[in-house]
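The residues making up each chain are set out below.
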Amino acid sequence: MDSRETLDRELEQILKWEKGQKDLFIWDKIGRLPFAMLDKVMPKALKQKIGDSLNEVGQYVQNGGEFLVQKKKVAELLREEATKSGYSMKADTSYDEQDEEARDTTKIHSVEGLPLEVLDRTADNITDSRTRFAAAQGAATGIGGIVTIAADIPMVMGLSLKVLQEMALCYGYDPDEPQERIFIVKCLQFSSADIVGKKAIMDELADYDNPDKQVEVISQMQGWREVFNSYSESFGWKKLFQLIPIAGMVFGSVSNKNTIRDVAEAGKMLYKKRLILQRLK
């Protein structure tokens, strides 16, 4: 297990990262313009597709839906990294090995006893893999403008939710749990918020494992659609640039890569912070 000095040092690095969340890409800065302006220039088909994707996010908050990841794959990655570093990983054998459905819906691993360096390497490997996939996907769907972008939007949203679930699993949290799905959606919001929004989200997620705090955040998420106003603005502008046929390959690749990278980084840092605070207690 990590020493208290190591945990304090890692926590200090995360706090520095939180303070440094001030820079925005040009399209994010443009996205701070009034939403009414976006409505005027955004093609109806694109707005509809983003709206449909946000509805799917709402469905994810309610029941997980099709976006739930297979926990076994993340458990195997953690076990590989643990073995490389000379650690053994505890497995939860409370599920039937022959029951595929139970395998996907039951917690199958524990990070207890694994140092942060092992968890971090696993999270970084997943991030690298997902960002490469997102870049290739963005380039492929940026070729045909509005025709192909219709397929890109739900894929990016789905990949964002899945990579955040993988970050949760890397640090020992179960994304099947309703409170974790809400935490994941908050991470998604954090990744595209401005500095004021990020500070508000960090305040909301402070001491998140306190049962009273969870009830408060869950109550706030009942109006989840309002939460995504800023997200839809930023996401919409990124996709607007991608509408240009052929040139959309470059915009799509860079945009999708940066989106998934930022989402994964937010999930890693916020979940790692929770784990560190728990271990310090």
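All of these numbers come straight from a predicted model, not from anything done at the bench.

Caption draft 1: Seen up close, the environment of Tyr60. Residue position: Tyr60 is located in helix α4 (residues 44–63). When its relative accessible area of 0% is taken as the criterion, Tyr60 is described as buried. As for Tyr60 and Pro178, which are separated by 118 residues in sequence, their C-alpha atoms are 9.5 Å apart.

Caption draft 2: Highlighting the pattern of salt bridges. The final tally for this structure, using the stated rule, is 18 salt bridges. One salt bridge connects Lys16 with Glu12, and the closest N-O pair in it is separated by 3.9 Å. Note that Lys16 and Glu12 are positioned in helix α1 (residues 4–19) at a spacing of four residues, about one turn of the helix. For Lys16, a relative accessible area of 48% translates into the label partly exposed. For Glu12, a relative accessible area of 44% gives the class partly exposed. Within this structure, Glu81, Lys84, Glu117 and Arg121 form a network of salt bridges that share partners.

Caption draft 3: Summary view of the packing of helix α7 (residues 116–141) against helix α14 (residues 248–280). The geometry of α7 relative to α14 is characterised by a closest axis approach of 7 Å and an angle of 160° between their N-to-C directions. Taken as axis vectors, α7 and α14 run roughly antiparallel relative to one another. The handedness of the crossing between α7 and α14 is right-handed. Split by residue class, the contact of α7 with α14 holds eleven nonpolar, eight polar and eight charged.

Caption draft 4: Examining helix α9 (residues 178–192) more closely. A rise of 1.5 Å per residue sets the reference length of α9, with its 15 residues, at 21 Å; its end C-alpha atoms lie 22 Å apart and thus fit the reference within 8%. The buried count for α9 comes to 13 of 15 residues, which makes it a mostly enclosed element.

Caption draft 5: Region of the structure containing the packing of α9 against α14. Look at α9 against α14: their axes get within 8 Å of each other, and the N-to-C directions meet at 130°. Relative to α14, the element α9 is oriented oblique. The element α9 and its partner α14 pack so that their crossing is right-handed. Taking contact as the criterion, the partners of Glu180, Phe183, Ile184, Cys187, Leu188, Phe190 and Ser191 in α9 are, on α14, Asp262, Val263, Ala266, Gly267, Leu270, Tyr271 and Arg274. When grouped by side-chain class, the residues that make up the contact of α9 with α14 number nine nonpolar, two polar and three charged.

Caption draft 6: Structural context of the environment of Met269. Along the chain, the position of Met269 falls in helix α14. For Met269, a relative accessible area of 17% corresponds to the buried category. Considered as a pair, Met269 and Cys187 are 82 residues apart in the sequence and their alpha carbons are 9.6 Å apart. Other than its neighbours up to four places away in sequence, Met269 contacts Ile14 and Trp17.

Caption draft 7: View of the side chain of Ser253. With respect to the helices and strands, Ser253 occurs in helix α14. Separated by 3.2 Å, the side chain of Ser253 and the backbone oxygen of Ala135 make a polar contact. Setting aside anything within four residues of it in sequence, one finds Ser253 in contact with Ala135, Gly138, Ala139 and Gly248.

Caption draft 8: Inspection of the packing of aromatic side chains at higher detail. Within this structure, the stated rule accounts for four aromatic pairs. With centroids separated by 5.6 Å and ring planes inclined at 35°, the aromatic side chains of Trp17 and Phe190 adopt a geometry described as tilted. Remark: Phe190 occurs in helix α9 and Trp17 occurs in helix α1; sequence separation between them is 173 residues. Under the relative-accessibility criterion, Trp17 is labelled buried at 11%. A residue is classified by how much of its surface remains accessible, and Phe190, at 1% relative accessible area, is buried.

Caption draft 9: The nonpolar core, seen in detail. Judged by nonpolar contacts, the single largest core of 54 residues is most densely connected at Leu119 and Tyr171. The leading source of residues in this core is α14, at ten residues. Setting aside residues no more than four positions away along its own chain, Leu119 makes contact with Leu78, Val111, Leu114, Cys170, Tyr171, Leu275 and Arg279.

The rules behind each value
Residues numbered from 1 in each chain as written. Predicted model: local features only at pLDDT ≥ 70, side-chain atom pairs only at ≥ 80, totals over all residues. Heavy atoms only, no water. Helix = DSSP H or I, 4+ residues; strand = E, 2+ residues; numbered from the N terminus. Buried < 20%, exposed > 50% of the residue type's maximum accessible area, 1.4 Å probe, protein only. Salt bridge = Lys/Arg side-chain N within 4 Å of Asp/Glu carboxyl O. Axes fitted to C-alpha atoms, helices over the stretch in contact; angles between N-to-C directions. Parallel < 35°, antiparallel > 145°, perpendicular 65-115°, else oblique. Left-handed = near helix turned anticlockwise from the far one by under 90°. Nonpolar A, V, L, I, M, F, W, Y, C, P; charged D, E, K, R; others polar. Expected span 1.5 Å × (residues − 1). Contact = heavy atoms within 4.5 Å. Polar contact = N/O pair within 3.5 Å; in protein donor to acceptor, adjacent residues only side chain to side chain. Phe/Tyr/Trp six-rings, centres within 6.5 Å; stacked < 30°, edge-to-face > 60°. Core = buried A, V, L, I, M, F, W, Y, C linked by side-chain atoms within 4.5 Å.

Geometric values such as these leave the question of function open.
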